[in-house]
Amino acid sequence: MAIRMVEDINESYIYVSYSRSDKERVEPVLEKLSGQGYRLWYDNSVSTENVWMDQIVYHMDNCELSIVFISESSAYSYYCKNEIIYLSESQKRIIPVLLDPSGLPLIFECYLGEYREIEGDELSAEEIAQEIMKVGAVSECKAEKVGSKDFYYDILLKWSNTG
C-alpha cells in the first residue's frame, strides 16, 4: 500500500519526523494511517539539501500537529534534533512515539517531556497506528470520504437545514 502524501496544505495534515535509519519501522505505521484517510507529510522524496530544508521548514510551519518517532538513531540525528526543537519552539502539538525500550532520550526530555508518549517498542505497526488515532487532535487531519453515501447525505442534510 502506498502512503498518500498531503497535496493541499490548506487542509490540516500531520508532519512526520523520523530518522531515515528507522524508515522500515516507520513506513508501515504511516501506511496504516494513510489507509485510514489521515493526511501526512514526511520527507520521503525531497532531493537536494537546500530544497530539502526549505520543504521541511515549510511543512513544519503549516502542519496541524506532528508525530515524532523517537529512537537511538533519532537521538543522534542532527536533523531530528533540530526538527523536534523547531516544532516545540513553534508550539506545535507533538505526538512522540518511542521505538526503543529505553524511553525518552535525555536530549529530548526538555522538549517532549510534557507530552504523553506512545511506547511503541513492543507494538506492531497496526497497534502504533491505533494508539496514534486515539489522540484527539489527529481527527482534524483525516480526509472526508468523498464518494461515500454518508458524505453526500451529510452535505444534503446541511444544505436542507440552511434553507
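We now turn to the structure provided with this report. Just so it is clear, the model here is predicted, and its values are computed rather than measured.

Thresholds applied
- Residues numbered from 1 in each chain as written.
- Predicted model: local features only at pLDDT ≥ 70, side-chain atom pairs only at ≥ 80, totals over all residues.
- Heavy atoms only, no water.
- Phe/Tyr/Trp six-rings, centres within 6.5 Å; stacked < 30°, edge-to-face > 60°.
- Buried < 20%, exposed > 50% of the residue type's maximum accessible area, 1.4 Å probe, protein only.
- Disulfide = S-S within 2.5 Å.
- Helix = DSSP H or I, 4+ residues; strand = E, 2+ residues; numbered from the N terminus.
- Expected span 1.5 Å × (residues − 1).
- Arc of directions from axis to C-beta.
- Contact = heavy atoms within 4.5 Å.
- Pairing = 2+ DSSP bridges.
- Axes fitted to C-alpha atoms, helices over the stretch in contact; angles between N-to-C directions.

## Examining the packing of aromatic side chains
Okay, so step 1: Scanning the entire structure with this criterion turns up 3 aromatic pairs.
Okay, so step 2: Ring centres of Tyr78 and Tyr79 lie 5.3 Å apart, and the angle between their planes is 80 degrees; this geometry places the pair in the edge-to-face category.
Okay, so step 3: A relative accessible area of 57% means that Tyr78 is categorised as exposed.

## Re the state of the cysteines
Okay, so step 1: In total, this model carries 0 disulfides according to the counting rule given.
Okay, so step 2: The thiol of Cys63 is not disulfide-bonded; the next cysteine sulfur, from Cys141, is found 8.0 Å away.
Okay, so step 3: Accessibility expressed as a relative area gives 4% for Cys63, which makes it buried.

## Overview of helix H1 (residues 23-35)
Okay, so step 1: With 13 residues, H1 should reach 18 Å at 1.5 Å per residue; the first-to-last C-alpha distance of 18 Å fits that figure.
Okay, so step 2: All of the buried residues along H1 are Val26, Val29, Leu30, Leu33 and Ser34. Around the axis of H1, the buried residues are gathered within 135 degrees of arc, so they sit on the same side.
Okay, so step 3: Packed against the buried residues of H1 are strand S1 (14-17), strand S2 (40-41), strand S3 (65-70) and helix H6 (125-133).
Okay, so step 4: Looking one or two places after H1, you find Gly37, whose phi comes out positive at around 95 degrees.

## Considering the sheet that holds S3
Okay, so step 1: With parallel pairing, the 5 strands of this open sheet are ordered in space as S2-S1-S3-S4-S5. The open sheet terminates on both sides in strands that have one partner only, identified here as S2 and strand S5 (118-119).
Okay, so step 2: With 2 bridges joining them, S1 and S2 adopt parallel strand pairing. In the sheet register, Tyr15 faces S2, and the bridge partner there is Trp41.
Okay, so step 3: Running over the sheet, helix H4 (residues 78-89) touches S1, S3 and strand S4 (93-98) and is turned about 150 degrees from S3.
Okay, so step 4: Sitting on the sheet, H6 is in contact with S3, S4 and S5, with an inclination near 155 degrees to S4.

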